[in-house]
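Observations on chain architecture
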Amino acid sequence: MKKILVSACLYGNICRYKGDSCYNEKIAELGKTNVLIPVCPEQLGGLPTPRHPAERVGDKIISDIGTDVTEEYVNGAKLALEIAKTNNVDLCVMKAKSPSCGKGVIYDGTFSGGKKEGNGVTTDILLAEGFKVITEDEL
């Protein structure tokens, strides 16, 4: 039985920016034979649900109304990392394309639906600490 850190929205928690979840059946299947540890870095960082959508622009996370929410994203990422360390997780399954949790491809910062190469803030921190990170698309 593995311990798996998962983006809470994939687990079914109502924590996405628009006040919904993106429940994923594959995550539910993983939970039948593994211990799932859901985290929402944005909420951990103090952001409300719902909230304005945000995208990564260089090293900053900027909302669609121009608010810099980088500090909240970084603080949430650090707390997610602590949860991963404390629980000695074997794997992290994060939300694809997210400015926090995306891996390999994220939204491009124009709020047009365009994408670019890159990782979300939480994924960057988890990878830097040696955790294996995938998205739900890789399950």
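So, how was this worked out
- Residues numbered from 1 in each chain as written.
- Predicted model: local features only at pLDDT ≥ 70, side-chain atom pairs only at ≥ 80, totals over all residues.
- Heavy atoms only, no water.
- Helix = DSSP H or I, 4+ residues; strand = E, 2+ residues; numbered from the N terminus.
- Contact = heavy atoms within 4.5 Å.
- Core = buried A, V, L, I, M, F, W, Y, C linked by side-chain atoms within 4.5 Å.
- Buried < 20%, exposed > 50% of the residue type's maximum accessible area, 1.4 Å probe, protein only.
- Salt bridge = Lys/Arg side-chain N within 4 Å of Asp/Glu carboxyl O.
- Pairing = 2+ DSSP bridges.

Once that is clear, we can look at the environment of leucine 81. You can see leucine 81 is positioned in helix H4 (residues 70-86). For leucine 81 and leucine 126, which are 45 residues apart along the polypeptide, the C-alpha to C-alpha distance reads 6.1 Å. With near-sequence residues (within four places) excluded, leucine 81 lies in contact with Ile125, Leu126, Glu129 and Phe131.

Once that is clear, we can look at the nonpolar core. Of all hydrophobic cores here, the largest spans 14 residues; its most connected members are Ile4, Val6, Leu10, Ile27, Leu30, Leu36 and Val93. Only strand S1 (3-7), helix H1 (8-11), helix H2 (25-30) and strand S5 (91-94) provide two or more residues apiece to this core. Sorting elements by how many residues they give to this core places H1 first, with three residues. Discounting chain neighbours no more than four positions away, the residues touching leucine 30 are Ile4, Leu36, Val93 and Leu139. Grouped together as the second largest cluster of nonpolar side chains are 13 residues, Ala84, Met94, Leu126 and Val133 included.

So, about the environment of isoleucine 14. Topologically, isoleucine 14 is positioned in the loop between H1 and H2. Assessed through its relative accessible area of 55%, isoleucine 14 is described here as exposed. Separated by 36 residues in the primary sequence, isoleucine 14 and proline 50 place their C-alpha atoms 9.0 Å from one another. In this structure, isoleucine 14 is in contact with Gly19, Asp20, Ser21, Gln43 and Thr49, ignoring residues within four places of it in sequence.

Another point: the pattern of salt bridges. Under the definition given, this model contains eight salt bridges. Lysine 85 serves as the salt-bridge partner of glutamate 129, at 3.5 Å between the closest nitrogen and oxygen. With a gap of 44 residues between them, glutamate 129 in the loop between helix H5 (121-128) and strand S8 (133-135) and lysine 85 in helix H4 connect regions that are remote in the sequence. Of the residues examined, glutamate 129 reaches a relative accessible area of 44% and is grouped as partly exposed. Judged by relative accessible area, lysine 85 falls into the partly exposed class, the value being 39%. With a closest N to O distance of 3.8 Å, glutamate 138 and lysine 103 form a salt bridge.

The pairing of strand S3 (residues 54-57) with strand S4 (residues 60-63) spans four bridges and is classified as antiparallel. Opposite arginine 56, over in S4, you have isoleucine 61 as the bridge partner.

Treat this as a map of the structure, not an account of what it does.
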